[in-house]
Amino acid sequence: MPDLPRPDEDMLQRHLREVRQLLAKQQLVEEVTRRQRMPHQRLVENITHRQNLARLQRKLDRLHPADIAYILETLPLDERLYVWDLVKADKDGDILLEVSDAVRPSLLETMDRDELKTAAEALDADELADLIPDLPTDVAQEVLTALDQREQAQVREAMSYAEGTVGALMDFDLVKVREDVTLEVVARYLRRFDALPDHTDKLFVVDRDERLRGILTLEALLINEPETPVSDVMQASELILFRAEDEARQASHAFERYDLVSVPVVDKQRRLVARLTVSDVVDYIQEENEAEILSQAGLEEEEDIFAPILRSVKNRWAWLAINLVTAVIASRVINLFEDSIAQLVALAALMPIVAGIGGNAGNQTITMIVRAIAMGQVQPSAWRRLMVKELGVALINGLVWGGVIGVFAGVVYQNLPLGVVMVAAMALNLLLAATAGVLIPLLRQRLGRDPALGSSVMITALTDSGGFFIFLGLATLFLL
């Protein structure tokens with residue numbers, strides 16, 4: 001009897017571990033059978049291979065497409081492609097949508113035209129709009145041609161909106177009803193469906209021109225008398241709705257604030273176009289969080305951890321080059337005070353402390369500002385108030401922790417003036433870090449750039465060069 005998973009064991013990690021074990025077992029059996037010179041070796045190898053293959057196939061068949069996508073992302077390229085070949089064709093489209101943008105090309109490269117068409121044709125219009133840009137042009141055109149006019153229009157509409165807008169996330173699969181029918185008619189209409197669209201918590205009430213009149217919640221449908229007209233129980237005032245051009249970030253804030261499940265998307269004439277669901281919003285938030293983490297490290301796009309070396313180099317070289325330039329500048333700053341360091345060797349041991357604490361404080365400030373910008377809590381006009389607040393925090397921290405390290409330096413090196421210089425340098429560098437931490441993301445936002453992109457690289461470069469200059473400059477003035 002197989003061991004039952006522990007209650008605290010993560011199910012996804014358990015699936016990943018089992019798949020890796022099956023892959024490792026198959027590889028081991030193949031190696032052993034090849035080394036042994038036994039009669040009927042080929043037959044034994046084939047039987048063993050098929051048994052392990054069947055176990056792995058059964059495991060994959062039971063997994064959700066999202067779980068398979070996660071497993072594919074964590075496997076080296078050869079194992080990833082081996083597992084990908086075992087996945088049933090009816091899951092291909094969903095898995096391609098679930099895997100990261102960095103991993104998807106490695107899977108698409110192994111698929112022929114028929115496989116690509118089959119995977120794409122199994123998707124809804126909004127899902128197809130996400131996948132089509134990655135398909136070969138001729139395959140994409142064939143897939144679009146195979147759709148009916150309504151679906152073609154939906155796909156082209158979804159593709160027409162820029163990333164980061166509601167239109168790029170919206171879902172066309174929804175249920176519409178009229179306000180002049182009874183709840184009994186609506187219930188009969190719903191029973192004609194094999195299944196309701198995912199995340200259906202409300203029906204959208206429209207008129208004959210497809211203009212949104214209100215919403216009918218499933219709760220209202222169930223608890224009211226069947227003879228009740230839809231117009232009597234629908235919600236028609238203070239509706240939360242979006243337009244396709246609205247920012248997805250603002251929409252995600254609304255979902256979080258009001259605990260929404262689905263929201264109608266309308267055009268300028270208030271005609272119902274689609275809906276936005278909590279599933280779409282959660283995916284968007286996750287992608288934004290991942291992009292922000294990468295941006296702070298100076299990575300402009302998501303990277304497959306098992307990508308070819310040259311592809312990874314191209315993704316990382318730009319900000320490394322910038323970092324190299326700033327490191328050279330910092331070294332030149334130190335070189336300016338070469339004579340001072342030669343006269344007082346303690347400066348060489350203490351100056352990394354000033355620069356390191358400044359970089360840490362600057363990253364704290366810039367992280368808070370970038371997060372506030374992402375949440376829509378900060379406008380560029382608020383920079384003065386933010387600056388005053390962050391400078392106050394930096395001054396107190398600089399005096400307190402500068403005092404601690406100043407006492408340490410004064411006692412260890414038996415040089416009280418050196419301790420005082422440490423306090424002053426620490427306070428000034430933290431003030432510099434706070435200033436940069438506020439201004440860098442706000443200026444990038446005003447210029448229409450990503451506030452998080454390379455922020456940690458820039459703040460570290462500034463506090464390193466500035467910290468060295470401040471500390472060594474003060475030491476030169478007051479100690480030598």
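Quick note: structure is the one above.
Calculation criteria
- Residues numbered from 1 in each chain as written.
- Predicted model: local features only at pLDDT ≥ 70, side-chain atom pairs only at ≥ 80, totals over all residues.
- Heavy atoms only, no water.
- Phe/Tyr/Trp six-rings, centres within 6.5 Å; stacked < 30°, edge-to-face > 60°.
- Helix = DSSP H or I, 4+ residues; strand = E, 2+ residues; numbered from the N terminus.
- Buried < 20%, exposed > 50% of the residue type's maximum accessible area, 1.4 Å probe, protein only.
- Salt bridge = Lys/Arg side-chain N within 4 Å of Asp/Glu carboxyl O.
- Pairing = 2+ DSSP bridges.
- Right-handed = clockwise from strand over helix to strand, strands pointing away.
- Axes fitted to C-alpha atoms, helices over the stretch in contact; angles between N-to-C directions.
- Left-handed = near helix turned anticlockwise from the far one by under 90°.
- Contact = heavy atoms within 4.5 Å.
- Nonpolar A, V, L, I, M, F, W, Y, C, P; charged D, E, K, R; others polar.
- 1 Å grid on protein atoms, 1.4 Å probe; cavity = no way out; pocket = protein on both sides within 12 Å on 5 of 7 lines; lining within 4 Å.
- Points joined across faces, edges and corners; volume = space filled by probe spheres on them.
- Patch = residues over 30% accessible without salt bridge, like charges linked within 9 Å, V, L, I, M, F, W, Y side chains within 5 Å.
- Areas by Shrake-Rupley, 256 points an atom, 1.4 Å probe, with all protein chains shown as cover.
- Lys, Arg positive; Asp, Glu negative; His and termini not counted.
- Charge placed at Lys NZ, Arg CZ, Asp CG, Glu CD.
- Expected span 1.5 Å × (residues − 1).

*Asks:* Lay out the packing of aromatic side chains in plain terms, naming residues and giving numbers.
*Replies:* Each aromatic ring pair is characterised by the separation of its centres together with the angle its planes make. If you walk through the whole model with that rule in mind, you get 3 aromatic pairs. Ring centres 5.3 Å apart and planes at 85° place the aromatic pair Tyr 189 and Phe 193 in the edge-to-face group. Seen in terms of ring centroids, Phe 337 and Phe 469 are 5.9 Å apart; in terms of plane orientation they differ by 70°. Their pairing is edge-to-face. A residue pair is termed long-range when its members are at least 10 positions apart, and Phe 337 in the loop between helix H16 (309-336) and helix H17 (338-343) and Phe 469 in helix H21 (residues 455-479) qualify at 132 residues. Given the relative accessible area of 11%, Phe 337 is considered buried.

*Asks:* Explain the pattern of salt bridges residue by residue, including any values.
*Replies:* All chains considered together, the criterion is met by 17 salt bridges. Two residues, Arg 104 and Asp 101, come together in a salt bridge whose shortest N-O distance is 3.1 Å. Take Asp 101: its relative accessible area is 54%, and that puts it in the exposed class. Through salt bridges with shared partners, a single network forms among Arg 113, Lys 117, Asp 138 and Glu 142.

*Asks:* Outline the pairing of strand S2 (residues 202-206), supporting the account with residue identities and numerical values.
*Replies:* With respect to burial, S2 is a largely interior element, 5 of its 5 residues being buried. Covered by surrounding structure in S2 are Lys 202, Phe 204 and Val 206 together with Leu 203 and Val 205, the residues of both alternating faces. Note: strand S1 (residues 176-178) against S2, 3 bridges, orientation parallel. Looking at the pairing, Val 177 lines up with Val 205 of S2. Following the chain from S1 across helix H11 (residues 183-190) to the adjacent parallel S2, one finds a crossover that is right-handed.

*Asks:* Go over the packing of helix H18 (residues 346-374) against H21 with me, naming the residues and quoting the values.
*Replies:* Packing of H18 against H21 brings their axes to within 8 Å, and their N-to-C directions diverge by 140°. For the pair H18 and H21, the sense of crossing is right-handed. Residues Leu 347, Leu 350, Met 351, Pro 352, Val 354, Ala 355, Gly 358, Gly 359, Gly 362, Asn 363 and Ile 366 of H18 form the contact with H21, whose own contacting residues are Ser 455, Ser 456, Ile 459, Thr 460, Thr 463, Asp 464, Gly 467, Phe 468, Phe 471, Leu 472 and Ala 475. In the contact of H18 with H21, the residues fall into 12 nonpolar, 9 polar and 1 charged.

*Asks:* Which residues make up the layout of surface pockets, and what values go with them?
*Replies:* By volume, the second largest pocket amounts to about 540 Å³. Lining the second largest pocket are 22 residues; nearest its centre among them are Arg 150, Gln 154, Phe 172, Asp 173 and Leu 174. Residue assignment for the lining of the second largest pocket shows that the elements contributing at least two residues are helix H8 (125-131), helix H10 (149-159) and strand S6 (272-277). Examining the composition of the lining of the second largest pocket, we find that 6 residues originate from one element, H10, more than from any other. Each residue belonging to the lining of the second largest pocket can be placed in one class, and the counts come to 11 nonpolar, 1 polar and 10 charged.

*Asks:* How would you explain the sheet that holds strand S4 (residues 242-243) if you had to name every residue and give the values?
*Replies:* Taken together, the 3 strands give an open sheet; going across it, the order is S4-S5-S6, and neighbouring strands pair in mixed fashion. In this open sheet, the two edge strands, each paired with only one partner strand, are S4 and S6. In this structure, strand S5 (residues 262-266) lies alongside S6, joined through 5 bridges in antiparallel fashion. Paired with Val 265 across the strands is Ala 274, a residue of S6.

*Asks:* Provide a residue-level description of a positive patch on the surface, including the pertinent values.
*Replies:* Judged by side-chain charge, Lys 25, Arg 55, Arg 58 and Arg 62 come together as a positively charged surface patch. On the secondary structure map, Arg 55 appears in helix H2 (residues 41-62). Judged by its relative accessible area of 33%, Arg 55 is partly exposed.

*Asks:* Could you give an account of the sheet that holds S1, with specific residues and numbers?
*Replies:* The 3 strands lie next to each other as S1-S2-S3, forming an open sheet whose pairing is mixed. Edge strands, defined here as strands with exactly one partner in the open sheet, are S1 and strand S3 (212-217). Neighbour-to-neighbour, the strand axes of this sheet turn through a mean angle of 40°, independent of strand direction. Inspection of the sheet shows S2 paired to S3 by 5 bridges, in the antiparallel sense. Its bridge partner being in S3, Val 206 is matched across the sheet by Leu 212. Sitting on the sheet, H11 touches S1, S2 and S3, and the angle it makes with S1 is about 150°.

*Asks:* Break down H18 for me, citing the residues and quoting the values.
*Replies:* The end-to-end C-alpha distance of H18, which contains 29 residues, comes to 43 Å, matching closely the 42 Å that a straight helix rising 1.5 Å per residue would cover. Two residues or fewer past H18, Gly 376 is found with a positive phi of approximately 75°.

*Asks:* Talk me through a nonpolar patch on the surface; I want residue IDs and the actual numbers.
*Replies:* Together, Ile 396, Val 400, Trp 401 and Val 404 give the surface a local cluster of nonpolar side chains, amounting to about 420 Å² of exposed area. Within the secondary structure, Val 404 is located in helix H19 (residues 383-412). On the accessibility criterion, Val 404 (47% relative accessible area) is partly exposed.

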